[in-house]
Amino acid sequence: MSAAAEERRARAPWALTAPALMLFVGVLLIPLAMTVMLSFHDWGQYKGIEPVFILKNWHEIATDPYYAEMFWRTFRIAMLTTLLTALLGAPEAYILNRMSGRWKSFFLLVILGPLLISVVARTLGWALLFGGNNGLVNKLLMSLGVISSPIPFMFTETGMVIALAHVMMPFMVLSVWAALQRLDPQIENAAMSLGAGPATIIRRIIMPQIMPGVLSGAIIVFSLSASAFATPAIIGGRRLKVAATLAYDEFLNTLNWPLGAAVATLLLVALVLIVVGSNVLIERRYAEVFR
Amino acid sequence: MAYLELDRVAKQFGAQTVVDDFSLAVGKGEFISFLGPSGCGKTTTLQMIAGFLDPTRGAIRLEDKDLTAIHPAKRGLGIVFQSYALFPHMTAAENVAFGLEMRNVPRTERAERVRAALAMVGLAGFEDRHPRRMSGGQQQRVALARALVIKPSVLLLDEPLSNLDAKLREEMQIELRQIQRTIGTTTILVTHDQNEAMSLSDRIVVMSQGRIEQIGSPQETYEKPASAFVSQFLGKTNDFAAAVDRSATSARVTAGSWSAPAPAGLSGAVTVSIRPERIGFGDAGLSAKIVTRIFQGNHWLFQCDSECGPAIVIRQNDGKAQPTEGETVRLTWRPEDMSVRARAVA
């Protein structure tokens with residue numbers, strides 16, 4: 001082969017991936033880099049954004065307990081949501097997997113159905129049911145005399161966790177479902193023939209094998225919950241801000257773009273660290289199951 | 001007295017009868033094979049013994065105790081699955097130890113028995129390997145050790161060798177037979193491979209469409225097939241349309257230009273079937289033309305076009321000259337080598 005032809009061959013992969021690469025750089029990397037840059041700029045009520053390099057925003061986030069509280073709340077809500085989806089989603093997927101053909105596809109559709117509805121509509125549904133004195137469920141329970149005052153749901157962390165868990169459930173169920181598909185269909189019979197009861201089979205045989213599925217589902221749910229905007233904005237409102245709603249407010253209400261950018265960047269970095277870190281841990285721990 | 005007894009066992013799924021009227025008495029220490037094509041009900045029968053399925057009718061007894069009343073986890077049977085169904089998150093030793101753990105065997109005894117079981121199947125030193133890091137044959141051995149370590153009253157093998165390649169399968173057959181002989185566990189093997197059934201078992205249960213066609217030793221089922229199905233399924237066979245004539249003083253059976261004194265019983269239209277290796281080339285007999293001649297090392301395989309339809313003949317490669325393709329030959333056999341069945345005339 002001639003040198004020129006060889007050079008052409010070497011360039012081919014680059015040429016072929018160039019369009020996608022340019023799109024990626026154009027709509028993701030450049031805006032991301034600009035956001036990071038923005039977080040180091042200065043801002044004032046009257047002077048607006050000044051393109052200088054200062055650590056003012058980062059210093060403010062690091063020292064003001066207001067921000068620590070907000071990030072801590074974001075972490076807590078995402079963590080509880082993840083826990084709730086795992087506790088409900090894993091058994092749900094297991095039961096689903098044991099159903100016979102027609103019921104299985106029906107309930108799979110029921111589980112995936114919420115994904116077809118906008119997050120805003122779904123969250124507003126919760127607000128309609130539990131929103132103060134006029135919420136449907138609250139009204140009903142109060143008229144029946146079960147409760148004397150509305151169930152505290154709106155503007156509570158509990159409400160946010162429940163609504164988020166509802167939104168995130170399909171991701172957990174699908175992830176565990178995928179892990180269950182890899183199970184040997186005879187594995188429960190094998191354990192039973194060796195003398196294991198139903199509880200032992202779940203604990204010793206099924207759980208360890210679907211754990212990677214639960215954990216990868218947890219990573220998806222955690223990162224989506226931590227960066228969720230619509231649900232915390234509707235349920236939590238201004239009273240219970242999380243990192244995403246905080247960044248939004250800095251950008252669009254206070255118009256302090258640099259501070260908003262710093263919040264957004266910190267959220268991104270924290271998420272990347274948590275997700276990559278736990279992924280490494282999981283892969284090391286479950287090396288044998290993943291093979 | 002029978003050790004394991006199946007008494008008119010039947011299984012229905014909805015309107016479909018998968019196993020019907022299955023009666024079998026297994027002696028202690030016996031090696032039995034359920035042989036039949038896929039869908040004949042052999043695996044269903046095994047699963048009923050294991051307890052994964054409940055029989056619709058009939059009884060299964062082990063040492064005169066009703067086995068169907070006992071929960072599968074308490075039956076104490078050892079089972080090797082077609083897919084092995086090893087626990088992928090446990091090492092080989094942990095897999096084998098699982099059944100002992102469920103029986104609360106003390107730790108030191110457990111370790112000793114696991115080591116011995118793995119050594120028995122030739123896997124000493126593989127204790128800490130995970131199943132997915134083992135070859136198919138090694139996984140098979142772990143599955144066998146896991147089933148045997150609990151000292152099962154009956155060992156059930158569900159097509160255990162079908163996922164192995166031919167050479168390994170043969171090795172495992174020999175090894176399986178040796179292990180079974182040594183420890184004397186009553187064993188039931190489900191297989192669709194007639195060679196496997198014949199080389200391993202004391203008795204073969206040939207099944208077709210949920211029913212038992214024949215129960216007998218490998219030699220019996222091969223040489224005295226009870227039905228056309230058995231003779232077709234166990235090895236190759238030649239079926240020729242023939243007739244028994246009892247009008248003369250000595251009754252004769254005739255197929256084309258081949259003829260011999262007829263056995264007692266049948267008369268009129270019959271089918272005679274003869275194994276290919278029992279047919280020889282002679283001066284008189286069924287006239288046939290050799291279509292193809294295939295050399296297979298220790299024997300020759302001839303495909304012939306005879307007066308009574310296609311025929312196959314197998315001859316030992318004994319160094320003598322063999323007829324060539326296109327040659328016209330006479331096929332002959334001893335009357336005692338054939339089995340004669342009545343034939344419905346259309």
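- Chain B is annotated in an unreviewed UniProt entry as Putative spermidine/putrescine transport system ATP-binding protein from Bradyrhizobium shewense.
- A UniProt comment under Sequence similarities (unreviewed entry) is attached to chain B, and it reads "Belongs to the ABC transporter superfamily."

- You'll find chain A entered in an unreviewed UniProt entry as Putative spermidine/putrescine transport system permease protein, with Bradyrhizobium shewense given as the organism.
- The annotation that UniProt attaches to chain A under Subcellular location (unreviewed entry) is "Cell membrane".
- Entered under Sequence similarities (unreviewed entry) in the UniProt record, the comment concerning chain A runs "Belongs to the binding-protein-dependent transport system permease family. CysTW subfamily."

**Some thoughts on the UniProt feature "domain: ABC transmembrane type-1" (unreviewed entry) in chain A**
- In the numbering used here, UniProt assigns the "domain: ABC transmembrane type-1" (unreviewed entry) feature to residues 71-278 of chain A.
- Annotation note: span residues 71-278 of chain A, helix share 77%, strand share 0%, distance between end C-alpha atoms 19 Å.

**A word on the nonpolar core**
- Counting 70 residues, the largest nonpolar core has Val96, Leu118, Ala145, Leu156 and Ile188 of chain B as the members making the most contacts within it.
- Residues in contact with Ala145 of chain B, not counting those within four places in the same chain, are Val96, Ala117, Leu118, Met120, Val121 and Leu123 of chain B.
- If you look at the next biggest cluster of nonpolar residues, it comprises 47 residues, including Met154, Met169, Val176 and Leu215 of chain A.

**A closer look at the confidence of the model for chain B**
- Of the residues in chain B, 99% reach a pLDDT of 70 or more, and the chain-wide mean stands at 91.
- Predicted complex metrics record ipTM = 0.82 and pTM = 0.82.

**Considerations on the packing of helix H2 (residues 92-102) of chain B against helix H3 (residues 107-120) of chain B**
Residues and elements named next belong to chain B.
- Contact pair H2 / H3: the axes reach a minimum separation of 9 Å and the direction vectors enclose 125°. The orientation of H2 with respect to H3, classified from their angle, is oblique. As for the relative orientation of H2 and H3, their crossing is right-handed in sense. In contact with Ala92, Ala93, Val96, Ala97, Leu100 and Glu101 of H2, H3 contributes Arg110, Arg113, Val114, Ala117 and Leu118.
- The class makeup of the residues in the contact of H2 with H3 is eight nonpolar, no polar and three charged.

**Side note on the interface of chain A and chain B**
- At the interface, 17 residues of chain A touch 19 residues of chain B.
- Secondary-structure elements contributing two or more residues to the side of chain A that touches chain B are helix H8 (187-193), helix H9 (198-226) and helix H13 (287-290) of chain A.

**A closer look at the domain arrangement of chain B**
All names here are of chain B.
- You can read the domains of chain B as domain 1 (4-232) and domain 2 (236-342).
- In this structure, domain 1 and domain 2 have C-alpha centres spaced 39 Å apart.
- Tallying the contact residues gives five residues for domain 1 and four residues for domain 2.
- The residue inventory of the side of domain 1 that touches domain 2, partitioned by class, reads two nonpolar, two polar and one charged.

Conventions adopted
- Residues numbered from 1 in each chain as written.
- Chains lettered and ligands numbered in written order.
- Predicted model: local features only at pLDDT ≥ 70, side-chain atom pairs only at ≥ 80, totals over all residues.
- UniProt positions renumbered as here; feature names shortened; annotations may be inferred.
- Helix = DSSP H or I, 4+ residues; strand = E, 2+ residues; numbered from the N terminus.
- Core = buried A, V, L, I, M, F, W, Y, C linked by C-beta atoms within 7 Å.
- Buried ≥ 20, exposed ≤ 12 C-beta atoms within 10 Å, placed from the backbone.
- Contact = placed C-beta atoms within 7 Å.
- pLDDT = per-residue confidence, 0-100.
- Axes fitted to C-alpha atoms, helices over the stretch in contact; angles between N-to-C directions.
- Parallel < 35°, antiparallel > 145°, perpendicular 65-115°, else oblique.
- Left-handed = near helix turned anticlockwise from the far one by under 90°.
- Nonpolar A, V, L, I, M, F, W, Y, C, P; charged D, E, K, R; others polar.
- Domains from an automatic or database assignment.

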